[in-house]
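Structural description and commentary
So you can see what is in the structure, the chains are spelled out below.
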Amino acid sequence: MRALLIGAAVLYVGALVLLPVASLLRGALGGGLRAFAEVLARPDVLSALVMTAKLTAFAVVVNGTLGTALAFVLVRDRFVGKRLMNALVDVPFALSPVAVGVVLLSLFGKGGLLRPITDALGVEVAFAWPAMAMATAFVTLPFVVREVGPVLEEMGTDQELAAYTLGASPFVTFVRVTLPGIRWGLAYGATLTMARAIGEFGAVLLVSGGVAGQTETATVFVYRALEDRDDRGAYVVATVLALASIGLLLLLDVVRKKRGSRAEAEG
């Protein structure tokens, strides 16, 4: 029975993960490493990869900072509407990314509710970087909050109160006491944010306009390349994204082990 279960698990993982990855690598490397490198050197490919990197960095910085602050508010403070705010944090998990794109277009697109304000300020939001950044930040919102929150609950406030008693300022207390305590939760949440941002497609596709070399991300490039029958380009960029995702999975495993070792040491 045990061997049967192991065999079923191997077949399941192989069918859903290994075979698609092998097919992806075959398509990307079918022309050799030189052809692979030539695709990566194309201006439109480099632009798409750089745009994805910029959006990912933006999401990590914004949600790493504001997500940590939000986790503090939800864990440490009591206020009217706390349950509603806590529920709203998980909305990106339930809402389709395409719906997010539609909402942003209804706000900032032609005839949008906030379009007169952005026009008056001379700021282009829809089909430009701002809308793409907002879409990416929205779909990655919950990860840091949901990873840092439980760590804060487990830590309690005793160490922070002791620091205050010794004369430490709130900033020093956060840097010297709180941040070291939540660092692995923050790292785990940031890594999940990166993984989600790299693979974002639906919302960004709608709000970016998909202009090659300007507002095209790596995932949008793959979509366009397949439509243009540029199979080699699509395979190569998809392979780069897959390798990035695998690297993040390995990083997550390292972070998970670090957290486990820390918990055992404190226990």
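Described below are features of the structure shown in this document. Just so it is clear, the model here is predicted, and its values are computed rather than measured. (Residues numbered from 1 in each chain as written. Predicted model: local features only at pLDDT ≥ 70, side-chain atom pairs only at ≥ 80, totals over all residues. Heavy atoms only, no water.)

Digging into the packing of helix α3 (residues 43-76) against helix α8 (residues 129-139)
Defined as follows: Here the axes come from fitting lines to C-alpha atoms, over the contacting stretch only for helices, and the angles between their N-to-C directions go from 0 to 180 degrees. For helices the rule is a DSSP run of H or I covering at least 4 residues; for strands it is a run of E covering at least 2, with both sets numbered from the N terminus onward. Note that the term roughly parallel is reserved for angles under 35 degrees, roughly antiparallel for angles over 145, roughly perpendicular for angles of 65 to 115, and oblique for everything else. Take the far helix as your reference; a near helix turned counterclockwise from it by less than a right angle gives a left-handed crossing, and one turned clockwise gives a right-handed crossing. Residue contacts are counted whenever heavy atoms from the two residues lie within 4.5 Å of one another. Classes in brief: Ala, Val, Leu, Ile, Met, Phe, Trp, Tyr, Cys and Pro nonpolar; Asp, Glu, Lys and Arg charged; the others, Gly included, polar.
Where α3 meets α8, the closest approach of the two axes is 9 Å, and the angle between their N-to-C directions is 55 degrees. Our classification of the angle between α3 and α8 gives oblique. Taken as a pair, α3 and α8 cross one another with a handedness that is right-handed. Residues Met51, Lys54, Leu55, Phe58, Ala59 and Asn63 of α3 pack against Trp129, Met132, Ala133, Thr136 and Ala137 of α8. Here the contact of α3 with α8 is built from residues that sort into 8 nonpolar, 2 polar and 1 charged.

Considering the packing of aromatic side chains
What counts here: Centres within 6.5 Å make a pair out of two Phe, Tyr or Trp rings, where for Trp the six-membered ring is used; the pair is then stacked when the planes are under 30 degrees apart, edge-to-face when over 60, and tilted otherwise. Each residue is assigned to one of three classes by its accessible area relative to the maximum for its type, calculated with a 1.4 Å probe on protein chains only: buried under 20%, partly exposed between the two thresholds, exposed over 50%.
Per the stated rule, a full pass over the model turns up 4 aromatic pairs. Judged by centre distance (6.0 Å) and plane angle (75 degrees), the ring pair of Phe58 and Trp129 falls under edge-to-face. Taken together, the positions of Phe58 in helix α3 and Trp129 in helix α8 put the pair 71 residues apart, joining distant regions of the chain. Residue Trp129 is classed as partly exposed on the basis of its relative accessible area of 33%. Plain terms: the ring middles of Phe201 and Tyr223 are 5.5 Å apart, the flat faces sit at 55 degrees to each other, and that makes the pair tilted. With Phe201 in the loop between α11 (170-198) and α12 (202-208) and Tyr223 in helix α13 (residues 218-227), the pair connects residues that are 22 residues apart, well separated along the chain. Classification of Phe201 as partly exposed rests on a relative accessible area of 27%.

Some remarks on empty space enclosed by the protein
Inclusion rule: Buried and open spaces are told apart on a 1 Å grid over the protein atoms alone, a cavity being a set of points where a 1.4 Å probe fits but cannot get out and a pocket being an open set with protein on both sides within 12 Å along at least five of seven lines. Residues with an atom within 4 Å of a point are the lining residues. Grid points are joined across faces, edges and corners, and a volume is the space filled by probe spheres set on the points.
What the rule picks out here adds up to 1 cavity of 30 Å³ or more. Of the voids in this model, the largest cavity is the one considered here, and its volume is about 50 Å³. In terms of lining residues, the largest cavity is bounded by Thr52, Leu55, Thr56, Thr136, Ala197, Ile198, Glu200, Val204, Thr217 and Thr219. If you tally residues by element for the lining of the largest cavity, the top one is α3, at 3 residues.

Observations regarding unusual backbone geometry
Phi is positive for Phe127, close to 60 degrees, though the residue is something other than glycine. Its place among the elements puts Phe127 in the loop between α7 (115-121) and α8. Judged by its relative accessible area of 45%, Phe127 is partly exposed. Positive phi, normally seen in glycine, also occurs at Arg229, with a value near 65 degrees.

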